[in-house]
Amino acid sequence: MLVLVLGDLHIPHRVASLPAKFRKLLSPGRIQHILCTGNLCTRESYDYLKTVAADVHVVRGDFDDNLLYPEQKVVTVGQFRIGLCHGHQIVPWGDPDALAMVQRQLDVDILITGHTHKFEAYEHESKFYINPGSATGAYNPLENRVIPSFVLMDIQSSTVVTYVYQLIDSEVKVERIEYKKS
Amino acid sequence: MPTTPQLGSPPDEQDKLLDEALGIVKMQAFQMKRCLDKGRLMDGLKHASTLLGELRTSMLSPKSYYELYMAVTDELRHLEIYLVDEFQKGRQVSDLYEMVQYAGSIVPRLYLLITVGLVYIKTKPSLSRDVLKDMVEMCRGVQHPLRGLFLRNYLLQCTRNILPDVADTEGSLESEESSTGGTVQDSIDFVLMNFAEMNKLWVRMQHQGHSRDRERREKERQDLRILVGTNLVRLSQLECIDLEKYIKTVLPSILEQVVSCRDAIAQEYLMECIIQVFPDEFHLSTLHSFLRACAELQPNVNVKNIIIALIDRLAAFTQRTKDEGGVISTDLQLFDIFSDQVALIIMSKPDIPSEDIVALQVSLINLANKCYPDKVHYVDKVLGKTTEIFNKFNLERIGQITPVGKELMKLLKIPVDNYDNVLTLLKLENYGNLLDFLDYDGRKALAMYLINNALENETQIGNPEQVDFMLGLISSLIQDQADQPAETPDPEDFAEEQSLLGRFLHLLVSEDPDEQYLILNTARRHLGAGGNKRIPFTLPPVVFAAYQLAFRYYSVKDQDDKWQKKCQKIFQFCHGTISALTKAELAELPLRLFLQGALAISRIPFENQETVAYEFMSQAFSLYEDEISDSKAQLAAITLIVATLEQIGCFGEENHDPLRTNCALAASKLLKKPDQSRAVGTCSHLFWSGKSVASGGEQIKDEKRVLDCLKKGLKIAANQCMDSMVQVQLFVELLNHYLYFKKKGNQLIEASLVNELVEKIKEELPNLENNEESQQISKHFTNTVDHVKSVASIEDHYKDIEV
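Going by what an unreviewed UniProt entry lists, chain B is known as Vacuolar protein sorting-associated protein 35 and is assigned to Orchesella cincta. Taken directly from UniProt, the Function (unreviewed entry) text for chain B runs: "Plays a role in vesicular protein sorting."

Under an unreviewed UniProt entry, the name given to chain A is Vacuolar protein sorting-associated protein 29, and the source organism is Orchesella cincta. Word for word, the UniProt comment on chain A under Sequence similarities (unreviewed entry) is "Belongs to the VPS29 family."

See below:
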């Protein structure tokens, strides 16, 4: 089961479009679900995601124009409960213990957040945390160098293999991280 | 023989007549073959004559006549084969001629004479010239258009392979000629004569019969056109027609016939036919004659299509030759020639519809692009001419769906597609003028087309002049226009347009920071006039680009000693830009932009950094206090302000203190009690991980103030929340906060406090109504308990906590 995790596109506020090399990778039909951390910011990006996969979940970022996206969402994929939240609401931003508070509240195995435009994937107290970064490499005042990135989760029963795709010096680099549910 | 053809017989009647005729043909053919097999030539010829007699009919439509003709001429093949055989055995030609004269009517007689003539030439080629001459002359005997056309077609088909095709030579005249019976000149004369006669017959059809049948007559003429065209095809197949012959003899004769026949159908077809059948090199060398003839055609001939066909063909030929590395032998200035000719044609036809004029310009531009891709001024010339014409005709506000509009859009899109670089449009002085002739929707459509092209090609617009020009071209998207429709546009379409424009703004970029600043100013000037509906889409990209520019100045500060003043100026620029959004009665967007600005400022240690950052934060606060009234929005906004402040470390105490205090105050003044509790809880982070100049950039870690916040949050939850479900939920959240700070090392959070809260929760939880919500709260609590246990087993942050 392939799940695409991405967000913080910030089109058109900060960036013109998704990098061409990423667009090529995201061909329709291969991915079952999309979990988007928010800050698309407009309808066009949402429609684009719908062409990549039919099942798209979006949570509200601080610059999204659609007021109807929820603040948080929990979806179940395979054996995993996955929490989704943009992250600008979680103070301090990017703090693992603060994120853990949300994990406990949502009661999820995997918590996905964004906002920092910095890719993260780590285990903390036996739970898994993913930040797909910014798929477009959009500007963030707190990050000197934002690298465009997104994540693909391959969920098989109680194991999830996470592939992170990063655009470094115009080349796509892939890394692999595994997480097993305990 | 009836003179008025009864072309009016209905289709069933036609089928019946045709079947009858075919039946007779079949029967007579059978008889003919039997006689020939027995060597009875005379009788065979009689049958042949009878079957040919069917071609005398006036009752058949051209389509039916054609079928009959095919059947008949098929059968004549047999006769031809027999005769060739006979002749080779020694039978005299004169005998054959003698015999054939016996055919009663002229149509059968002529078909037979042609057949015999063909046989004669096959067996004695030296007599070709004379026989051909005779045959083409004697066909004059049939003046009926339909019958005559087919008869002459038969002549053409029969002589397909036997036309002499050798060059005229000065010397050895006698010997060469005697072996081939003629030269290519004789063939040319033959075909040209046949062509001229056929064209006359064809034209005559136009005037036959009643005027009410004209439409059907014209259609039938169209059905027959290829019969006439075949003559030209035959000429093109003669290999010895070199360029010189073509120029001197062939083309002039054809053109004379075409022009002098004064028939629109013939002219239109034949001119295009000439273009199709003869090689492009010939056309290149005869342009002037051909185009002159075009100007002399009948008024209702569609000259535009002819010219366009020629231009496109020559453009393709030139490009192909260039691609193959060849060189065009002539030194022609194709573009100039066609440009002038097109102008002449337009002037000579006062009634030419404007869309046809534009269609001609389209093909001229294609010519310019294919043959002279680097001569941008040619394209500009065409655009200029078109502008002139539009001015002359007083055209304006052309709609995209009108015929003219369609051609105009095509014309304007060609340079965009060909160069794939919208900056080339800068070199086309007339482009903007021409664009203005379109109506509002047309201008917008073209603007979006330009933008999409720029985005696809990632074309960077790198200096202020270019930016000014491009934004001017697409002004229909940027500002209200005089001819804008009064009704409000569809919101989705509008949002799509403006988003596209927003994306485009990211292409306005220069490597040089000073130039980039000028670019942003230019863009701001254009976009600022867009009105309150547009600026929410268009100004944020400018603001974010400015934030990035400020950081760029900082990163190259060693090379520019004015960098600090410049940063300040940029943030002032942003302040003004965001304020424009506030004036447009927006609140949430400018608030967020101010907060992002504060973050940006906090990372750039320029002179006055603290003052400017404080100004941005207080602007955000003002918006919060004055403009945001919805309670959900308020909670979200104050949370964002707190979260932002937590990240900013450039404030001294005299600034940080009021900011912290105001956050806490605002939190405690939220309308709903649960919101208050949560917001106050969130403020605790300001006192822990918040940084200031006073703390030397380190975390403040004010244990007491943190505890105060949490206690206050707890108090609100315990005493002022009426809903017990919400209460317990808040307790669990606050418990997590206690644990968070305890883990981070806040000594004032004693285990006793935590245990007290745990007890309270354990007490209240069972009292809650059992539903989904209480189950979630219960799970939350269980997870928290598990967390304590697992941490306690490794470290002693949670020492003495009893769960």
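Residue and element names in this part refer to chain A. Tracing the sequence through the fold places Q103 in helix 3 (residues 96-106). By relative accessible area, Q103 is classed as buried at 7%. The contact partners of Q103, leaving out residues within four places of it in the chain, are V108, L111, K127 and Y129.

Glancing now at the UniProt feature "coiled-coil region" (unreviewed entry) in chain B. As recorded in UniProt, the feature "coiled-coil region" (unreviewed entry) lies at residues 751-778 of chain B. End C-alpha atoms of residues 751-778 of chain B are separated by 22 Å, and the span's content is 75% helix alongside 0% strand.

Residues and elements named next belong to chain A. Here we have five strands laid out as an open sheet, ordered 4-5-6-8-7, and mixed in their pairing. One side of each edge strand has no neighbouring strand; the edge strands of this open sheet are strand 4 (72-77) and strand 7 (120-124). Neighbour-to-neighbour, the strand axes of this sheet turn through a mean angle of 20 degrees, independent of strand direction. The pairing of strand 6 (residues 110-113) with strand 8 (residues 127-131) spans three bridges and is classified as parallel. Looking across to strand 8, one finds that I112 is bridged to I130.

Turning our eyes to something else, we now look at helix 31 (residues 653-668) of chain B. All names here are of chain B. In a regular helix each residue adds 1.5 Å, so 16 residues correspond to 22 Å; helix 31 covers 22 Å between its end C-alpha atoms and thus fits that length. Along helix 31, the residues classified as buried are N655, H656, L659, R660, C663, A666, A667 and S668. The secondary structure elements touched by the buried residues of helix 31 are helix 29 (609-627), helix 30 (631-647), helix 32 (673-688) and helix 33 (703-720).

Residue and element names in this part refer to chain B. The topology assignment puts Q516 in helix 25 (residues 513-528). Q516 gets classed as buried once you look at its relative accessible area, which sits at 3%. When residues no more than four places from it in sequence are discounted, the contact partners of Q516 are L508, V509, S510, L549 and R552.

Quick look at the sheet that holds strand 2 (residues 33-36) of chain A now. Residue and element names in this part refer to chain A. The six strands lie next to each other as 3-2-1-9-10-11, forming an open sheet whose pairing is mixed. Every interior strand has two partners, whereas the edge strands, strand 3 (55-58) and strand 11 (171-180), have only one. Mean inter-strand twist for the sheet, computed between neighbouring axes without regard to direction, equals 20 degrees. As defined by bridge partners, strand 2 adjoins strand 3 across four bridges and the pair is classed as parallel. Residue L35 lies in a different strand from strand 3, and its bridge partner there is H57.

Before going further, it helps to spend a moment on the UniProt feature "domain: Calcineurin-like phosphoesterase" (unreviewed entry) in chain A. The UniProt record annotates "domain: Calcineurin-like phosphoesterase" (unreviewed entry) at residues 1-157 of chain A. Between the end C-alpha atoms of residues 1-157 of chain A the distance is 9 Å, and the span holds 17% helix and 30% strand.

Let us now look at the domain arrangement of chain B. Taken domain by domain, chain B consists of domain 1 (11-123) and domain 2 (439-628). Distance from the C-alpha centre of domain 1 of chain B to the C-alpha centre of domain 2 of chain B: 87 Å.

All right, on to the packing of aromatic side chains then. Counted under the stated rule, the structure contains 31 aromatic pairs over all chains. Grouped by ring-pair contacts, the aromatic residues F63(A), Y139(A), F544(B), Y547(B), F571(B), F594(B), F606(B) and F616(B) constitute a single cluster. In this structure, R14(A) packs its charged tip against the face of F63(A), placed 5.2 Å from the ring centre. The cationic tip of R23(A) hangs over the ring face of Y48(A); the distance from NZ or CZ to the ring centre is 4.4 Å.

Ranked by size, the top nonpolar core spans 291 residues in total, and within it L235(B), Y431(B) and F504(B) carry the most contacts. Tallying contributions element by element places helix 34 (residues 724-744) of chain B first for this core, with twelve residues. Residues lining this core come from more than one domain, with at least three contributed by each of domain 1 (11-123) and domain 2 (439-628) of chain B. Ranked by size, the runner-up nonpolar core spans 27 residues in total, among them L4(A), I11(A), F22(A) and I31(A).

By the definition in use, this model includes 42 salt bridges over all chains. For D336(B), the salt bridge goes to K381(B), with nearest N and O atoms at 3.9 Å. A residue pair is termed long-range when its members are at least 10 positions apart, and D336(B) in helix 16 (residues 334-348) and K381(B) in helix 18 (residues 376-392) qualify at 45 residues. Among the residues examined, D336(B) registers a relative accessible area of 26% and is labelled partly exposed. Bridged by salt links that share partners, the residues D95(A), D97(A), E125(A), K743(B) and K744(B) form one connected network.

Our next topic: the side chain of R443(B). All names here are of chain B. With respect to the secondary-structure elements, R443 resides in helix 21 (residues 440-457). Within the structure, R443 has its side chain in polar contact with the side chain of Q481 (distance 3.0 Å). The contact partners of R443, leaving out residues within four places of it in the chain, are R397, L435, D436, L438, S476, Q481 and D483.

Analysis parameters
Residues numbered from 1 in each chain as written. Chains lettered and ligands numbered in written order. Predicted model: local features only at pLDDT ≥ 70, side-chain atom pairs only at ≥ 80, totals over all residues. Heavy atoms only, no water. UniProt positions renumbered as here; feature names shortened; annotations may be inferred. Helix = DSSP H or I, 4+ residues; strand = E, 2+ residues; numbered from the N terminus. Buried < 20%, exposed > 50% of the residue type's maximum accessible area, 1.4 Å probe, protein only. Contact = heavy atoms within 4.5 Å. Pairing = 2+ DSSP bridges. Axes fitted to C-alpha atoms, helices over the stretch in contact; angles between N-to-C directions. Expected span 1.5 Å × (residues − 1). Domains from an automatic or database assignment. Phe/Tyr/Trp six-rings, centres within 6.5 Å; stacked < 30°, edge-to-face > 60°. Lys NZ or Arg CZ within 6 Å of the ring centre and 35° of its normal. Core = buried A, V, L, I, M, F, W, Y, C linked by side-chain atoms within 4.5 Å. Salt bridge = Lys/Arg side-chain N within 4 Å of Asp/Glu carboxyl O. Polar contact = N/O pair within 3.5 Å; in protein donor to acceptor, adjacent residues only side chain to side chain.

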